[in-house]
Amino acid sequence: NGIVMAFAVLYLPLIDEFGGSRGEVATVQSALFLVSGFTGPLVGWAFDRLGPRRLFQWSGVLAAAALVAASRATSLPGLVVAYGLLAGLGLSALGSQTNMTLAALWYPEARGRAIAVADLGTGFGAFCFIPLAQALVTALDWRATLLAWAALLLLVVVPLNALQRLPEGAGAPRGPAGEARGGPALAGAVRSAPFWWLGAMRFFGACAFPLMNVHMVAFAIGQGIAPATAATALGAVSLVSLAGRLTTGVLCDRIGRAPTLTLAYASAAVGIGCLVLLSATGAPWWLVLYVAFYGMAQGSSGIVASARAADLFAGPSFGAIWGWLSLAVGPGEALGTWLGGTLFDVSGSYVPAFGFVVLALAAGVIAIWRIPPAMATGDATGDVLRR
């Protein structure tokens, strides 16, 4: 995730390098998000069939090779292919979809907390990589930064995942009709209303948060904030999100999934309002408040959605089911990232894009509340799916 988030620092240097508009250059990251979303079912299928060890190691090698190729790109289309498509394919299997699946299967009695603890790496990675990317780009260039990411994948991600495995019983046998014992099969899940409401919630959340993460540095620089300070602020969002993720996980298990998401998205909306006030007043302390409020919500979508999905669909087909739910993420991320740049190109301001984000957050809250509140375990699974 640190590699994906660090694109925000590469964004302006890529505009200078290739001379494209903000919307055109944002297409590079949109392609990565789109691939990550559309390969969700494939990644879920591979997770169930290959297991996490082989899937994570092979994906790390693919992503590293693609980043090396991206560092040699001489045009935006070449960068879209190497970074957006190939690296996106490799990184998609190393992201929240697979790691949250693994955490949910290992700790069924404390899913919210377990997913949140595992997801701390998402926020900490961004906190480390964004300032590091800014330092590398300033001292060297964006091409050397991509080579550094490739080296880290090969030296850290691939060796560490030699230790990865599924818990005992996660690959339970299937019944005579092909249904997964201990949880619904993919076909049954897709026919249920909660599946589609969860997909809608993931789509709207994916529209909102990547737009802010990709464009916040450019917005802050446009308000007179120094580039290093803007990058540090984005990294600080990820640092604050460590506390936010833990809080989200605890609240998920104590007050429920929908109330937790409502509180988190409200905090994000307040943070976005602080950026609008920064634009109106020029007072830099509004950026500090943005970091605090928005950071507490960063990562909440995946934690709440994966915990709720595991409530409903945990079983030997959960990887595939969660993969199909993740199909909603890529289009949302691609739309949000592209729309943020395009609305700026049209209006000369990020305020319309921020308004779109708040509307997307509101739609995500509506979607999660449409899912029946009962925990889906044992016989209750069938009741919830029928509803």
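Definitions and limits used
- Residues numbered from 1 in each chain as written.
- Predicted model: local features only at pLDDT ≥ 70, side-chain atom pairs only at ≥ 80, totals over all residues.
- Heavy atoms only, no water.
- Helix = DSSP H or I, 4+ residues; strand = E, 2+ residues; numbered from the N terminus.
- Buried < 20%, exposed > 50% of the residue type's maximum accessible area, 1.4 Å probe, protein only.
- Areas by Shrake-Rupley, 256 points an atom, 1.4 Å probe, with all protein chains shown as cover.
- Lys, Arg positive; Asp, Glu negative; His and termini not counted.
- Charge placed at Lys NZ, Arg CZ, Asp CG, Glu CD.
- Contact = heavy atoms within 4.5 Å.
- Phe/Tyr/Trp six-rings, centres within 6.5 Å; stacked < 30°, edge-to-face > 60°.
- Core = buried A, V, L, I, M, F, W, Y, C linked by side-chain atoms within 4.5 Å.
- Salt bridge = Lys/Arg side-chain N within 4 Å of Asp/Glu carboxyl O.
- Axes fitted to C-alpha atoms, helices over the stretch in contact; angles between N-to-C directions.
- Parallel < 35°, antiparallel > 145°, perpendicular 65-115°, else oblique.
- Nonpolar A, V, L, I, M, F, W, Y, C, P; charged D, E, K, R; others polar.
- Expected span 1.5 Å × (residues − 1).
- Patch = residues over 30% accessible without salt bridge, like charges linked within 9 Å, V, L, I, M, F, W, Y side chains within 5 Å.
- pLDDT = per-residue confidence, 0-100.

## A look at the overall build of the chain
- When its secondary structure is counted, the chain shows 20 helices and 0 strands.
- Taken along the three principal axes of its C-alpha coordinates, the chain extends 60 × 40 × 30 Å.
- Counting the 387 residues in the chain, one finds 55% classified as buried.
- Of the roughly 15,200 Å² of accessible surface on the chain, 68% is carried by carbon and sulfur atoms.
- Here the chain contributes 20 positively and 15 negatively charged side chains, and the mean placements of these two sets differ by 6 Å.

## Brief notes about helix 4 (residues 40-50)
- Listed as buried for helix 4 are Gly40, Pro41, Val43, Gly44, Ala46 and Phe47.
- Check the buried side of helix 4 and you find it contacts helix 3 (22-38), helix 5 (52-70), helix 6 (76-92), helix 7 (96-106) and helix 17 (318-325).

## Structural notes on the packing of aromatic side chains
- Counted according to the given criterion, the structure contains 14 aromatic pairs.
- Between Phe129 and Trp149, the aromatic rings sit 4.7 Å apart at their centres with planes inclined by 35 degrees, giving tilted as the arrangement. Of the two residues, Phe129 is situated in helix 9 (residues 120-139) and Trp149 in helix 10 (residues 142-160); the sequence distance between them amounts to 20 residues.
- Looking at Trp149, the relative accessible area reads 1%, which means it is buried.
- Among the aromatic residues, ring-to-ring pairing joins Phe209, Tyr265, Tyr290 and Tyr294 into one connected group.

## Topic: the environment of Arg143
- The topology assignment puts Arg143 in helix 10.
- Residue classification places Arg143 among the partly exposed residues on the basis of a relative accessible area of 21%.
- Setting aside its immediate chain neighbours within four residues, Arg143 contacts Glu17, Phe18, Ser71, Arg72 and Ala73.

## Examining the nonpolar core
- Ranked by size, the top nonpolar core spans 106 residues in total, and within it Tyr290 and Phe313 carry the most contacts.
- Listed in part, the 7 residues of the second largest apolar core include Ala46, Phe47, Leu55 and Leu102.

## Some words on the pattern of salt bridges
- A full pass over the atoms with the stated rule returns 4 salt bridges.
- The closest approach of N and O atoms between Asp311 and Arg308, which form a salt bridge, is 3.2 Å. A residue pair is termed a helical-turn pair when its members lie 3 or 4 positions apart in one helix, as Asp311 and Arg308 do in helix 16 (residues 300-313) at 3 residues.
- Using a relative accessible area of 2% as the deciding quantity, one classes Asp311 as buried.
- Connected through shared salt-bridge partners, Arg113, Asp253, Arg257, Arg308 and Asp311 make up one network.

## Quick look at the packing of helix 4 against helix 17
- Their axes nearest at 7 Å, the elements helix 4 and helix 17 cross at an angle of 170 degrees. Taken as axis vectors, helix 4 and helix 17 run roughly antiparallel relative to one another. For the pair helix 4 and helix 17, the contacting residues are Gly40, Pro41, Gly44, Trp45, Phe47 and Asp48 in the first and Gly319, Ala320, Gly323 and Trp324 in the second.
- For the contact of helix 4 with helix 17, the class distribution of residues is 5 nonpolar, 4 polar and 1 charged.

## Comments concerning the packing of helix 2 (residues 7-18) against helix 9
- Viewed as axis vectors pointing N to C, helix 2 and helix 9 meet at an angle of 30 degrees, and their least axial separation amounts to 8 Å. Considered as vectors, helix 2 and helix 9 are oriented roughly parallel to each other. For the pair helix 2 and helix 9, contact is made by Val9, Leu10 and Pro13 and by Ile130, Ala133, Gln134 and Val137, respectively.
- Of the residues assigned to the contact of helix 2 with helix 9, the class counts are 6 nonpolar, 1 polar and no charged.

## Focus: the side chain of Ser241
- For Ser241, the position within the fold is in helix 13 (residues 227-255).
- With residues up to four places along the chain from it excluded, the contact list for Ser241 reads Gly123, Gly295 and Gln298.

## A word on helix 9
- The end-to-end C-alpha distance of helix 9 is 29 Å, a good match for the 28 Å that 20 residues give at a rise of 1.5 Å each.
- Where helix 9 is buried, its residues meet helix 1 (2-5), helix 2, helix 7, helix 10 and helix 13.

## Notes on a nonpolar patch on the surface
- Together, Val61, Leu132, Leu152, Leu154, Leu155, Val156 and Leu160 make up a nonpolar patch on the protein surface, roughly 610 Å² of accessible area in all.
- With 5 residues, the top contributor of residues to the nonpolar patch is helix 10.
- The residue Leu155 is located in helix 10 in this model.
- Taking the relative accessible area as the measure of exposure, Leu155 reaches 66% and is therefore exposed.

## What about the environment of Tyr350?
- With respect to the helices and strands, the residue Tyr350 is situated in the loop between helix 18 (329-347) and helix 19 (351-369).
- Measuring from C-alpha to C-alpha, the distance between Tyr350 and Gln223 comes to 11 Å, with 127 residues separating the pair along the chain.
- Setting aside residues up to four positions removed in sequence, Tyr350 forms contacts with Tyr11, Arg22, His215, Ala218, Phe219, Gly340 and Phe344.

## Focus: the confidence of the model for the chain
- For the chain, mean pLDDT is 81; residues scoring 70 or higher make up 92% of the total.
- Per-residue pLDDT, averaged within each element of the chain, yields its smallest value for helix 20 (residues 380-386) (44) and its largest for helix 19 (93).
- Confidence over residues 375-387 falls short of pLDDT 50; this stretch has 19 contacts with residues more than four positions distant or in other chains.

## Looking at the side chain of Thr101
- Take Thr101: it is sitting in helix 7.
- Residues within four places of Thr101 in sequence aside, it is in contact with Phe47, Ser96, Phe318, Gly319 and Trp322.

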